[in-house]
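Summary of structural features
Here's the letter readout for the chains.
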Amino acid sequence: MIYCRVLRDELLKEYEKPEDLLGDDGLLHQLTKALVERALEGEMTHHLGYKKHDSVGDHTGNSRNGKSPKTIKGKRGQTSIDVPRDRNGTFEPQLIKKNQIRFDGFDEKIISLYARGMTTREIQGHLQEIYGVEASPGLVSAVTDTVLEEVRAWQTRPLDSVYPILYLDALIVKVKENGRVINKAVYLVIGVNLQGLKEVLGIWIAETEGAKFWLSIVTELQTRGVSDVFIACVDGLKGFPEAIEAVFLRAQVQLCLVHLLRHSLSYVSYKERKEVAADLKLIYTAATLEEAENRLLEFVEKWEVRYPVVTRSWSANWVRIVPMFQFTPEIRRAIYTTNAIESLNFSLRKIIKNRALFPNDEAVQKILFLALRNIAKKWTFAFTELERGDESICHTFRGTSADERIRHKLIYTDFLTPSQR
């Protein structure tokens, strides 16, 4: 494009203050209006096949038919333009399409603000303050609703056949339903694929968190193409491990030790909490499974009388604790806790904290999907242990057979008291 300094100097010769350039009636607005209208006139000429006032257009059956006023919203505020019309009504402008009231890129700006946690009212105020554009809350909602189709496509997309690691958890949001505000559980699943990269597999919403709904979720994952899961990392929800194993028969379920530790220490007096925590740490940081078993026996002998609930909890859940001991320290750090999905939930809570409640489930899905899309851009780190090829990964994660897991369960039946069994 030819840059003409003479034209630039001519345009700016009366410039005295910023408002002359950037104000509501400034040079930029005038240039935008002039250039857009000139481009639309060019489109009309191309559509009709002849220039304005050209005799070639006589008796062609179609001609120019005046103009229609239109106000377009954009990053630099609102611009009033005149759109040319033809008599037959067949002119379809491309620069500013029919029914378009915003410049390209303006909708993306609204969606970006919404994805970062701003409410519709806050976005309205922001656009008015920064760009001088009047955008009603209804307009903001209409723009953000355009992503719902994308959400539905994403929620039903085909998945990989194998995920070495799954993290499963839920967070609670407030939703207005039938005139009352209720708590609802938002179920999230993170999968680590064979390339070692994380991805969110879906968002599901239900009134409460329960093993029955988790069963429906893992069943859906199977119907979307997942045929095998090596390790599923979960919290201590009752019936959760059985729901996963009912669908993925060869999956090993790893209980989150952070959740188990918090639960255990809640039963311990403050004075002895550090000592009990230190003894429990000897169990889950053991170098081998045999050492961990011995440490558990010592813990039971030492604390059985004083804290039977704690010893019973670790003994009864031992079959869900031991899977990590067959792996390298790198993989252990990845699976002994659900921190991968807990940190995701923490990021999502920061985004939705400005909202006292959501008007419906779709509003929840909309903002969480947009937030997840932004968060996923930062997930560039890969688990190096999963970059060695499919056969090596399968050998690594299939080291413990179902018979071996049953053996772990039977071993600890021997030292459980009748009431613990």
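Residues numbered from 1 in each chain as written. Predicted model: local features only at pLDDT ≥ 70, side-chain atom pairs only at ≥ 80, totals over all residues. Heavy atoms only, no water.

**A word on helix α10 (residues 257-265)**
For clarity, the threshold we go by: With a 1.4 Å probe rolled over the protein chains alone, any residue whose accessible area is under 20% of its type maximum counts as buried; one over 50% counts as exposed, and the rest are partly exposed. Counting from the N terminus, the helices are DSSP H or I runs at least four residues long and the strands are E runs at least two residues long. As used here, the arc belongs to the directions running from the helix axis to the C-beta atoms. Any pair of residues with heavy atoms lying within 4.5 Å of one another is described as a contacting pair.
The set of residues buried in α10 consists of L257, L260, L261, S264 and L265. Taken around the axis of α10, the buried residues stretch over an arc of 125°, which confines them to a single face. Against the buried residues of α10 lie β7 (252-255), α11 (273-284), α13 (308-316) and α14 (318-321).

**Quick look at the packing of α11 against helix α12 (residues 289-303)**
Packed helices, taken two at a time, are described by the angle between their axes plus the distance between the axes. Put simply, the rule is: In this analysis, axes come from line fits to C-alpha atoms, helices being fitted only over the stretch in contact, and the angle between any two N-to-C directions falls in the range 0 to 180 degrees. Orientation labels follow simple angle bins: below 35 degrees gives roughly parallel, above 145 gives roughly antiparallel, 65 to 115 gives roughly perpendicular, and whatever is left gives oblique.
The N-to-C vectors of α11 and α12 enclose an angle of 155°; their axes lie 8 Å apart at closest approach. The angle between α11 and α12 places the two elements in the roughly antiparallel class. Of the residues in α12, those in contact with E275, V276, D279, L280, L282 and I283 of α11 are A292, R295, L296, F299, K302 and W303.

**Details of the pairing of strand β6 (residues 228-234)**
The condition is simple: Paired strands are those between which DSSP finds at least two bridges.
Burial within β6 is extensive, with 7 of its 7 residues counted as buried. The sheet contact formed by strand β3 (residues 162-177) and β6 spans 5 bridges and is parallel. Bridging across to β6, I165 finds its partner in I231. Across 4 bridges, β6 lies against β7 in parallel orientation. Counterpart to V234 in the pairing with β7 is L255.

**Comments concerning helix α9 (residues 240-247)**
The complete set of buried residues in α9 reads F240, P241, A243, I244 and V247. Along the axis of α9, the buried residues cluster in a sector spanning 160°; they form a single face. Among the structural elements, β3, α8 (211-223), β6, β7 and α14 are those in contact with the buried residues of α9.

**Things to note about the sheet that holds β3**
Ordered by their spatial adjacency, 5 strands build an open sheet running β5-β4-β3-β6-β7, and the pairing between neighbours is mixed. What marks the edges here is a single partner per strand, and that holds for β5 (198-206) and β7. If you compare each strand with its neighbour and ignore which way they point, the axes differ by 25° on average. Strands β3, β4 (180-192) and β5 of the sheet are contacted by helix α16 (residues 339-352), whose axis makes an angle of about 30° with β3.

**Considerations on a positive patch on the surface**
For clarity, the cut-off: For patches, a residue must show more than 30% relative accessible area and have no salt bridge; joins then use 9 Å for like charges and 5 Å for nonpolar side chains, namely Val, Leu, Ile, Met, Phe, Trp and Tyr. Here the Shrake-Rupley method, with its probe set to 1.4 Å, supplies the accessible areas, and only the displayed protein chains count as covering residues. Criterion for a salt bridge: a side-chain nitrogen of Lys or Arg within 4 Å of a carboxyl oxygen of Asp or Glu. We count Lys and Arg on the positive side and Asp and Glu on the negative side, and we leave His and both chain ends out. To locate a charge, the coordinates of NZ of Lys, CZ of Arg, CG of Asp or CD of Glu are taken.
Together, R116, K350, K353, K377 and K378 give the surface a local cluster of positive charge. If you trace the backbone, K350 turns up in helix α16.

**Quick look at the state of the cysteines**
Our working rule: The disulfide criterion is simple: two cysteine sulfur atoms within 2.5 Å.
This structure, assessed with the given rule, holds 0 disulfides. Looking at the unpaired C233, the closest cysteine sulfur is the one in C256, lying at 8.3 Å. Judged by relative accessible area, which is 0%, C233 ranks as buried.

**What about the nonpolar core?**
Cut-off, in case you're wondering: To define a nonpolar core, start from buried Ala, Val, Leu, Ile, Met, Phe, Trp, Tyr and Cys residues and group those joined through side-chain atoms within 4.5 Å.
Within the largest apolar cluster, 101 residues are counted, with the highest numbers of intra-cluster contacts made by Y167, L168 and W314. Setting aside residues no more than four positions away along its own chain, W314 makes contact with L260, L261, S264, L280, I283, Y284, L296 and I321. Membership of the second largest hydrophobic core comes to 5 residues, among which are L40, I72, I81 and I96.

**Some details on unusual backbone geometry**
Phi at N178 is positive, roughly 55°, even though this residue is not glycine. Looking at where N178 falls in the secondary structure, it is placed in the loop between β3 and β4.

**Observations regarding the pairing of β3**
In terms of burial, β3 is a largely internal element, 12 of the 16 residues being buried. Summarising the sheet, β3 and β4 pair through 13 bridges and their orientation is antiparallel. Paired with E177 across the bridge in β4 is R180. Taking the residues between adjacent antiparallel strands as the criterion, β3 and β4 are bridged by 2 residues, where N178 takes a positive phi near 55°.

**Points about the packing of α12 against α13**
Heads up, the condition is: With the far helix as reference, a near helix turned anticlockwise by less than a right angle produces a left-handed crossing, and one turned clockwise produces a right-handed crossing. Three classes are used, and their members are as follows: Ala, Val, Leu, Ile, Met, Phe, Trp, Tyr, Cys and Pro are nonpolar, Asp, Glu, Lys and Arg are charged, and the others, Gly among them, are polar.
Look at α12 against α13: their axes get within 9 Å of each other, and the N-to-C directions meet at 160°. The orientation of α12 relative to α13 falls into the category roughly antiparallel. Viewed along their axes, α12 and α13 form a crossing whose handedness is left-handed. Of the residues in α13, those touching α12 at L296, F299, V300 and W303 are P308, V310, T311, W314 and S315. Residues belonging to the contact of α12 with α13 are distributed by class as follows: 7 nonpolar, 2 polar and no charged.

**Side note on the pattern of salt bridges**
Summed over all chains, the structure comprises 16 salt bridges. Notably, a salt bridge pairs E220 with R224, separated by 3.6 Å at the nearest N-O pair. E220 gets classed as partly exposed once you look at its relative accessible area, which sits at 26%. Note on R224: relative accessible area 9%, which makes it buried.

**Some thoughts on the environment of T60**
Take T60: it is sitting in the loop between α3 (27-48) and β1 (64-74). Spatially, the C-alpha atom of T60 lies 8.8 Å from that of L48, the residues being 12 residues apart in sequence.

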